[in-house]
Amino acid sequence: MEERLQKIISRAGIASRRAAEGLILAGRVTLDGQTVTELGVKVDPAAHEIAVDGVPIGAPERKVYFLFNKPRGCVSTAHDDRGRRTVLDYFRDVPERIYPVGRLDFDTQGLLLLTNDGTLMNGLLHPRYEVEKTYEADYDGDLTPEKQERLRRGIRLDDGMTAPAQLEILPTSNGRNRAALTIHEGRNRQVRRMFAAVGCDVRRLKRVRFAGLTLAGVKEGARRTLTSKEVAALYGLAGVKV
Ligand code: URA
């Protein structure tokens with residue numbers, strides 16, 4: 001399929017679309033050995049060799065999608081200045097350049113998606129699509145009916161009111177307090193802060209559901225690839241047209 005040269009270069013991960021245009025205009029891009037300096041050129045990347053500064057760009061990376069059960073004690077950024085373990089340490093065998101879809105705190109465990117599909121990632125994280133996430137929280141303190149109602153209706157945090165949420169008090173056999181909170185926002189440490197705002201301290205936090213996916217069959221520290229049906233469903237949720 002023919003595509004604009006700048007699009008092919010940016011998709012190969014070499015530069016943004018705008019920067020790729022700059023590379024072309026600067027005469028740094030060749031097509032089958034010939035310098036191209038016009039922006040309108042369309043080519044089939046499978047049939048021609050495109051090079052930037054003389055280095056051929058590879059074929060676009062295939063898209064990969066993983067559901068990971070993140071343990072506590074690792075960060076979900078690609079790098080950590082404090083040298084702590086990152087979720088990518090669990091994906092050293094994966095050659096594609098994948099990134100986590102959103103974040104879970106260092107001490108939060110549970111469902112995290114990782115992919116190299118930037119379009120899907122942006123859609124899933126965009127507030128407009130209100131993608132639901134469910135967290136199971138073990139907490140200290142008394143979550144009275146009145147406090148439960150405040151969590152459900154929306155509560156004032158220092159960065160504003162939270163959107164309405166679903167809250168379910170869960171039974172436990174060990175005498176602990178446990179609740180499941182479903183939200184569609186993704187503010188920093190939001191669940192912990194919501195509980196703290198009603199005087200409850202979250203002891204353990206686990207994301208058990210994200211965009212309709214669950215951790216079923218995936219042990220802590222393990223992962224599975226998403227099926228094409230699941231990817232298609234995520235595309236639908238994230239407002240991305242295929
Ligand atoms: N809310 C939190 O408090 N922490 C997380 O990691 C995710 C949601």
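Provided above is the structure to which this section pertains.
Residues numbered from 1 in each chain as written. Predicted model: local features only at pLDDT ≥ 70, side-chain atom pairs only at ≥ 80, totals over all residues. Heavy atoms only, no water.

A look at the site of the ligand
Part 1: The ligand sits among Leu104, Asp105, Thr108, Tyr135, Arg189, Gln190, Val191, Arg192 and Leu205.
Part 2: Measuring from a nitrogen atom of the ligand, one finds a side-chain N or O atom of Asp105 at 2.7 Å.
Part 3: Taking Val191, its main chain carries an N or O atom lying 3.1 Å from a nitrogen atom of the ligand.
Part 4: Coverage of the ligand by the protein chains reaches 96% of its 240 Å² of free accessible surface.
Part 5: Of the residues forming the shell around the ligand, the biggest block, three residues, is contributed by helix α5 (residues 190-197). (Near = heavy atom within 4 Å. Polar contact = N/O pair within 3.5 Å; in protein donor to acceptor, adjacent residues only side chain to side chain. Areas by Shrake-Rupley, 256 points an atom, 1.4 Å probe, with all protein chains shown as cover. Helix = DSSP H or I, 4+ residues; strand = E, 2+ residues; numbered from the N terminus.)

As for the pairing of strand β9 (residues 108-115)
Part 1: Within β9, eight of the eight residues are buried, leaving the element largely enclosed by the surrounding structure.
Part 2: As paired elements, strand β7 (residues 65-70) and β9 share six bridges and run antiparallel to each other. Along β9, the bridge assignment pairs Lys70 with Gly110.
Part 3: As judged from the two bridges shared by strand β8 (residues 99-100) and β9, these two strands associate in the antiparallel manner. (Buried < 20%, exposed > 50% of the residue type's maximum accessible area, 1.4 Å probe, protein only. Pairing = 2+ DSSP bridges.)

Brief notes about the nonpolar core
Generally speaking, soluble globular proteins have nonpolar side chains that are buried together.
Part 1: Counting residues in hydrophobic clusters, the biggest one holds 30 residues, and the most contacted among them are Leu143, Leu151, Leu181, Met194 and Phe195.
Part 2: Going through the elements one at a time, β7, β9, β10 (133-140), β14 (177-183), α5 and β15 (201-210) are the ones with two or more residues in this core.
Part 3: There are two domains that each give this core at least three residues, and those are domain 2 (65-127 + 213-237) and domain 3 (132-210).
Part 4: Apart from the residues within four sequence positions on either side, Leu143 is in contact with Gln148, Leu151, Leu167, Ile169, Phe195, Val198 and Cys200.
Part 5: Of all hydrophobic cores here, the second largest spans 20 residues; its members include Tyr65, Leu124, Leu215 and Ala238. (Core = buried A, V, L, I, M, F, W, Y, C linked by side-chain atoms within 4.5 Å. Domains from an automatic or database assignment. Contact = heavy atoms within 4.5 Å.)

Some details on the sheet that holds strand β6 (residues 55-56)
Part 1: Spatially, β3-β2-β5-β6 is the arrangement adopted by the four strands of the open sheet, whose pairing is antiparallel. With partners counted over all chains shown, the strands left at the sheet margins are β3 (34-35) and β6, one partner each.
Part 2: Alignment of strand β2 (residues 29-31) against β3, held across two bridges, turns out to be antiparallel. Across the sheet, Leu31 pairs through a bridge with Gln34, a residue of β3.

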